[in-house]
Amino acid sequence: MDIASSSLCQAHKISLTRCQPSSPVNSCSLTFTGFSLPQISAPSLAKCRRKGTSSGFVRACVAVEQKTRTAIIRIGTRGSPLALAQAYETRSKLQAIHPELTEDGAIHIEIIKTTGDKILSQPLADIGGKGLFTKEIDEALINGHIDIAVHSMKDVPTYLPEKTVLPCNLVREDVRDAFICLTAASLADLPAGSVVGTASLRRKSQILHKYPSLTVEENFRGNVQTRLSKLQGGKVHATLLALAGLKRLSMTENVASVLSLDEMLPAVAQGAIGIACRTDDDKMASYLASLNHEETRLAVACERAFLETLDGSCRTPIAGYAAKDEEGNCFFRGLVASPDGIRVLETSRKGPYVFEDMVKMGKDAGQELLSRAGPGFFGN
């Protein structure tokens, strides 16, 4: 198992202070908490041993390799297994198109801990602010420590930081939510009083609107593996997770059922990966242009225009989904809800699958729901 694969399996339980002479070589290097681990070849390890570093510490080998190996692309990402899977998907797509990126050490993955990763004891809505899972990565991009930033688009604020641009979306995964439970096949099958764990106010409000007899545990946070462990341990009776993440982690065996869009409208940009670079970096912009999936980019732009109009944050239950219909047009559905799920307001739009038209549809839908909701609707 290589270092990259091992980090996924260990899910943050990373101990990379030693290197083994027999360790396999990977064309991708990793940095953990600011310590760079470039690809180390067997000859370099031999040099370290000859210099008396028989203990095998990687740190003694770093200087040797850094002098001779410079990454063409440094990818910034969070350290969760899902974030890493998305970074590896980006790497694979780049290498499939650009042969020079298949060379040893051509792509380096930098793992960056964000505010959202550090504060796990509170619900996201209580932490407040925007960019909880992106701020530190964006700062690394602006400061030149990384060349591109790989984000889950639903974590990206509607206003991008200055000096950055997000020109690329990969092909979107399944946008629906998955129902995970050991004792029931669906939300409708849960007995009254059952506890559903979710950190998402969007999910909470829609659950309570349709199933008021259920209880929602809001501070149900952590990566996919952590939440599944909590479920297994009996902290809640069920939970909802994005099906896209489970597919990217090859963990769909945990799914009891998939919720329809009518039962649970997804978060804005759910299932989409976005990749940002600096506005003045034409080289990275060219690489990202080769990866961009335009149909996804336009759908995400429509949904984010809706979100921006509503000034949505983690405190606001908002859902939105745009897709191309059978006629090739854009069909958009939007929803806002009171946090307690008592009131849910929905709207829809249909129009040409063209950027300007789709952004206009998203904004118009947002303005309609703002008007219908009235002041104080969100309880802020």
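Residues numbered from 1 in each chain as written. Predicted model: local features only at pLDDT ≥ 70, side-chain atom pairs only at ≥ 80, totals over all residues. Heavy atoms only, no water.

Looking at an unreviewed UniProt entry, one finds the chain named Porphobilinogen deaminase, chloroplastic and attributed to Brassica napus. Under the UniProt heading Sequence similarities (unreviewed entry), the note attached to the chain is "Belongs to the HMBS family." (UniProt positions renumbered as here; feature names shortened; annotations may be inferred.)

## Structural notes on helix α12 (residues 294-310)
For α12, with 17 residues, the first-to-last C-alpha span of 25 Å sits near the 24 Å given by 1.5 Å per residue. Counting buried positions along α12 gives 12 out of 17 residues, so the element sits mostly inside the fold. Within α12, the full set of buried residues consists of T296, L298, A299, V300, A301, C302, E303, R304, A305, F306, L307 and L310. Buried residues in α12 make contact with β6 (164-169), β13 (318-324), β14 (330-337) and α13 (355-373). A positive phi of about 55° marks D311, the residue just after α12. (Helix = DSSP H or I, 4+ residues; strand = E, 2+ residues; numbered from the N terminus. Expected span 1.5 Å × (residues − 1). Buried < 20%, exposed > 50% of the residue type's maximum accessible area, 1.4 Å probe, protein only. Contact = heavy atoms within 4.5 Å.)

## Observations concerning helix α11 (residues 282-289)
Here α11 has its buried residues at M284, Y287 and L288. Each buried residue of α11 lies within a common arc of 95° when the element is viewed along its axis, so the set occupies one face. Across from the buried face of α11, at angles greater than 90 degrees, the exposed residues are D282 and A289. Of the surrounding secondary structure, the elements contacted by the buried residues of α11 are β3 (73-77), α4 (81-97), β5 (148-152), β6 and β12 (273-278). (Arc of directions from axis to C-beta.)

## Digging into the environment of H145
Among the secondary structure elements, H145 is positioned in the loop between α7 (135-142) and β5. Taking the C-alpha atoms as reference points, H145 and G76, separated by 69 residues in sequence, lie 8.6 Å from one another.

## Quick word on the sheet that holds strand β7 (residues 177-181)
Pairing is mixed in the open sheet, where 5 strands are placed in the order β9-β8-β10-β7-β11. Every interior strand has two partners, whereas the edge strands, β9 (215-217) and β11 (257-258), have only one. Taken together, the 5 bridges between β7 and strand β10 (residues 238-242) define a ladder with antiparallel strand orientation. Bridge pairing in β10 places I180 opposite T239. The sheet strands contacting helix α8 (residues 201-210) are β7, β8 (195-197), β9 and β10, and the helix crosses β10 at an angle near 130°. Against the sheet, helix α9 (residues 224-232) touches β7 and β10, its axis set at about 165° to β10. (Pairing = 2+ DSSP bridges. Axes fitted to C-alpha atoms, helices over the stretch in contact; angles between N-to-C directions.)

## So, the sheet that holds β13
Sheet architecture is open: 3 strands sit in the order β13-β14-β15, paired in antiparallel fashion. Edge strands, defined here as strands with exactly one partner in the open sheet, are β13 and β15 (344-351). Each adjacent strand pair in this sheet contributes to an overall mean axis angle of 10°, direction not counted. Looking at chain direction, β14 and β15 are connected through 8 bridges and run antiparallel. Each residue of the ladder has a partner; that of R333, found in β15, is S348. Most of the contacts of α12 go to β13, to which it runs at about 150°, and overall it touches β13 and β14. Against the sheet, α13 makes contact with β14 and β15, and its axis sits at roughly 155° relative to β15, the strand it touches most.

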